[in-house]
Amino acid sequence: MTADHTPRTVGTVWGLLILNTLGSTGAQTIVPLPRSLIQMVTMGALVAAFTLALAVNLRLRVRPGAYVFLLTLLLVPSVLSSVHLESGFGALFRCARLGLFVATLWLLSRWWDGGTTFVRHHIRMYFAVLCSVAAGAILSPGAAMPELYGGRLVGALWPLTPPQIGQYAAVITGLAVLLVLGRRTDGRSAAVVVVPALVLLALTHTRTATIGLIAGLVLAIGSLVLTSAAARRFFAWTVLCGVVAAVGFGSLVQAWFLRGQSQENFTSLTGRAKVWDALLAAPRTATEYLFGAGLGDKSFGGLPIDNSWLAVYHEQGVTGVVLVTAVFVVLGGVALLRPPSLSRACAIFLISYCAIASYTEAGLGDASPYLLHLAVAASLLAAPAAPEAPAAPEAHAAPDAREHEAPDARGLPGAPAAREPGDAPAVPGPSLPRHARTPEVT
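Residues numbered from 1 in each chain as written. Predicted model: local features only at pLDDT ≥ 70, side-chain atom pairs only at ≥ 80, totals over all residues. Heavy atoms only, no water.

What follows covers the overall build of the chain. Looking only at helices and strands, the chain has 19 helices and two strands in total. The burial tally for the chain puts 42% of its 442 residues in the buried class. (Helix = DSSP H or I, 4+ residues; strand = E, 2+ residues; numbered from the N terminus. Buried < 20%, exposed > 50% of the residue type's maximum accessible area, 1.4 Å probe, protein only.)

Moving on to the side chain of Asn307. Among the secondary structure elements, Asn307 is positioned in the loop between β2 (303-304) and α15 (308-337). Residue classification places Asn307 among the buried residues on the basis of a relative accessible area of 5%. Only 2.9 Å separates the side chain of Asn307 from the backbone nitrogen of Leu310, close enough to count as a polar contact. When sequence neighbours within four positions are dropped, the list of residues in contact with Asn307 reads Trp276, Ser358, Tyr359, Thr360, Glu361 and Ala362. (Polar contact = N/O pair within 3.5 Å; in protein donor to acceptor, adjacent residues only side chain to side chain. Contact = heavy atoms within 4.5 Å.)

In this section: the pattern of salt bridges. In total, this model carries three salt bridges according to the counting rule given. In this structure, Asp306 and Arg272 form a salt bridge, with 3.4 Å as the shortest nitrogen-oxygen distance. With Asp306 in the loop between β2 and α15 and Arg272 in helix α13 (residues 272-281), the pair connects residues that are 34 residues apart, well separated along the chain. In this structure, Lys298 engages Glu315 in a salt bridge whose closest nitrogen and oxygen atoms are separated by 3.2 Å. Of the two residues, Lys298 is situated in the loop between α14 (286-291) and β1 (299-300) and Glu315 in helix α15; the sequence distance between them amounts to 17 residues. Exposure class is identical for Lys298 and Glu315. Each is buried. (Salt bridge = Lys/Arg side-chain N within 4 Å of Asp/Glu carboxyl O.)

With that settled, consider the nonpolar core. Note on soluble globular proteins: their nonpolar side chains tend to be buried together. Within the largest apolar cluster, 97 residues are counted, with the highest numbers of intra-cluster contacts made by Trp14, Tyr67 and Leu105. The element best represented in this core is helix α7 (residues 162-181), accounting for 12 residues. Not counting residues within four places of it along the chain, the set of residues in contact with Tyr67 comprises Leu105, Trp112, Val327, Leu331, Leu371, Leu374, Ala375 and Ala378. Residues Trp276, Leu279, Ala311 and Tyr313 belong to the second largest nonpolar core, which totals six residues. (Core = buried A, V, L, I, M, F, W, Y, C linked by side-chain atoms within 4.5 Å.)

Another point: a nonpolar patch on the surface. Side chains of Ile30, Val31, Leu33, Leu37, Met40, Val41, Leu139 and Leu157 sit close together on the surface and give an oily, nonpolar patch of about 700 Å² of accessible area. Top element by residues in the nonpolar patch is helix α2 (residues 35-56). It accounts for three residues. Note that Met40 resides in helix α2. Among the residues examined, Met40 registers a relative accessible area of 60% and is labelled exposed. (Patch = residues over 30% accessible without salt bridge, like charges linked within 9 Å, V, L, I, M, F, W, Y side chains within 5 Å. Areas by Shrake-Rupley, 256 points an atom, 1.4 Å probe, with all protein chains shown as cover.)

Right, let's talk about helix α5 (residues 117-139) for a bit. The terminal C-alpha atoms of α5, which comprises 23 residues, lie 33 Å apart, in line with the 33 Å expected from a rise of 1.5 Å per residue. Along α5, the residues classified as buried are Thr117, Phe118, Val119, His121, His122, Ile123, Tyr126, Val129, Leu130, Val133 and Gly136. (Expected span 1.5 Å × (residues − 1).)

All right, on to unusual backbone geometry then. Its identity as a non-glycine residue notwithstanding, Leu60 has a phi of 55°, on the positive side. Mapped onto the fold, Leu60 is located in the loop between α2 and α3 (66-82). Of the residues examined, Leu60 reaches a relative accessible area of 52% and is grouped as exposed. One non-glycine residue with positive phi stands out, namely Asp306, at about 55°. Using a relative accessible area of 22% as the deciding quantity, one classes Asp306 as partly exposed.

Here's what the structure looks like:
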């Protein structure tokens, strides 16, 4: 089944998965939302996504793929480490959530055919999220850019942190630019997405998302340079504008990246390095080393880990780190082996962005937007599905009519009988007896 025949319900399922991964923590919203209510909404979205995916794929047709298979294997260390309840009963709850998340991806894999269908779903859903952020900033600028976050943009209607908003803005900006270069959309439609997203990205002051966007686009467009004149022109203009910006606005760019921090705080990645050192120095048993301490809230000693690899090591052990590494190796290897195409470029962008963001953001070992980004990359790298052969219609001719039919070249009834020498050419009309079709010669 091709992307053109993808049911609309699939887009709804994808939107519910995105809602589930928005999280329940963040800044104070204009209308206070209890965390229990937010968790009920996000978990309800995941249950609804699985139910709809199952309803639209009742025959359980799936496309075996390395990505979802590796995510399924990731459940093993997650469950083995969580059953000890070192992280509390919440660990088992998170395992169930991850299992339902992966099962939904399995059901959706039926429509992974190398097309850009899921790219469009991804852009539409995250653009809707960013519209809610912009609406919150318009309704209450003070709540949207609080002093608690250093004046950075947050979600005032739904609790979203600046890194989350920056991530969503960077991802849909990169994908929209690639769709324009691949001539899958027009510049005006792309500008409606790209311009507001870049404004929101600038207001979040998110360095990781900015670097990921630039590096991901460089790699993705570089994969199209040899086959696309539009990609070559865009690449040349981007390099020229980058050089001009670096020379003319270098001090402003540096101030934007520093965000008012000292040089020491900047080099220590806003205190992340101290948490990382403490996590690596903590003693571990052999079981914890292999399978981790169980799925948690991606924190250590009450402080966020903010590193996907260390978070996976802490919660799922070395086994989890090996499986997550295998995800990037498999997806990256397949992308490199594919011939140049728009799908390949979009996949390269998503894979490289997730790899860069994993250094200062957590989420590769649990249900998160990063796993959805990589799922889109996997759908782009999937081989096109072979068209299903239509079933041959059954013959319902009467027995007396079949006496005048001969099998065709495939041995199926219904083809006209072969003409013998002396037969008149076949003419449309009712079947006539042989003596009426062939007059005697006297």
